[in-house]
Amino acid sequence: MTTPGSDPLRTPTSPTGTPGTTAGPATGRPATTGGTTPQRHPARNAGRTAGRTLALALLLFVTVVLVLFVVYNTQTVEISLVFANVQAPLVLALVIAAALGGLLVGLAGLVLRARRRSS
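**Points about the overall build of the chain**
Turning to step 1, where the next piece is worked out: Helix and strand counts for the chain stand at two helices and two strands.
Turning to step 2, where the next piece is worked out: Listed N to C, the secondary structure of the chain is α-β-β-α in terms of helices and strands.
Turning to step 3, where the next piece is worked out: Within the chain, counting contacts between residues at least 6 apart in sequence, those at least 24 apart form 3% of the total.
Turning to step 4, where the next piece is worked out: Carbon and sulfur atoms make up 66% of the accessible area of the chain, which amounts to about 10,800 Å² in all.

And the structure:
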């Protein structure tokens, strides 16, 4: 039943005059507070939070170890290459060697993966 002068197809207004709000729930969905959706899996969210905290702690630990590594390995060393001898900081030599080793392992992995796909 409608009151005289009202349009039943028009969006209802609240007593404050804000369009689109009603005094009660207009749909069958439960009302939410603060504009957030209700949590369905609190255990899953707790696991994600613990995982993020662990990842952040691990990142902080690795960062501290790397800073200490750089601070304690500042001496200059002589690197004997096939075509020349080069002097460089030890930390630079170790980082370059680690990067080249990682690149070599990554390329070997790609080759093995390509062989498995082709057979």
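Having seen it, we continue.
**Details of the confidence of the model for the chain**
Turning to step 1, where the next piece is worked out: The share of residues in the chain with pLDDT of 70 or more is 62%, and the mean pLDDT across the chain is 77.
Turning to step 2, where the next piece is worked out: The secondary structure element of the chain with the lowest average pLDDT is helix α1 (residues 42–72), at 84, and the one with the highest is strand β2 (residues 85–89), at 92.

**Let's talk about a nonpolar patch on the surface**
Turning to step 1, where the next piece is worked out: Side chains of Leu60, Val64, Val67, Leu68, Val71 and Tyr72 sit close together on the surface and give an oily, nonpolar patch of about 620 Å² of accessible area.
Turning to step 2, where the next piece is worked out: Relative to the elements of secondary structure, Val67 occurs in helix α1.
Turning to step 3, where the next piece is worked out: For Val67, a relative accessible area of 48% puts it in the partly exposed group.

**Thoughts on the pairing of β2**
Turning to step 1, where the next piece is worked out: Where strand β1 (residues 76–80) meets β2, five bridges bridge the pair, whose relative direction is antiparallel. Along β2, the bridge assignment pairs Thr76 with Pro89.
Turning to step 2, where the next piece is worked out: In sequence, β1 turns back onto β2 through a hairpin of four residues.

**Let's talk about the side chain of Asn73**
Turning to step 1, where the next piece is worked out: Relative to the elements of secondary structure, Asn73 occurs in the loop between α1 and β1.
Turning to step 2, where the next piece is worked out: Using a relative accessible area of 15% as the deciding quantity, one classes Asn73 as buried.
Turning to step 3, where the next piece is worked out: Excluding its chain neighbours within four sequence positions, the residues that come into contact with Asn73 are Leu90 and Val91.

**What about the environment of Thr63?**
Turning to step 1, where the next piece is worked out: As for its placement among the helices and strands, Thr63 is situated in helix α1.
Turning to step 2, where the next piece is worked out: In this structure Thr63 comes out as partly exposed when scored by relative accessible area, which is 40%.

The rules behind each value
- Residues numbered from 1 in each chain as written.
- Predicted model: local features only at pLDDT ≥ 70, side-chain atom pairs only at ≥ 80, totals over all residues.
- Heavy atoms only, no water.
- Helix = DSSP H or I, 4+ residues; strand = E, 2+ residues; numbered from the N terminus.
- Contact = heavy atoms within 4.5 Å.
- Areas by Shrake-Rupley, 256 points an atom, 1.4 Å probe, with all protein chains shown as cover.
- pLDDT = per-residue confidence, 0-100.
- Patch = residues over 30% accessible without salt bridge, like charges linked within 9 Å, V, L, I, M, F, W, Y side chains within 5 Å.
- Salt bridge = Lys/Arg side-chain N within 4 Å of Asp/Glu carboxyl O.
- Buried < 20%, exposed > 50% of the residue type's maximum accessible area, 1.4 Å probe, protein only.
- Pairing = 2+ DSSP bridges.

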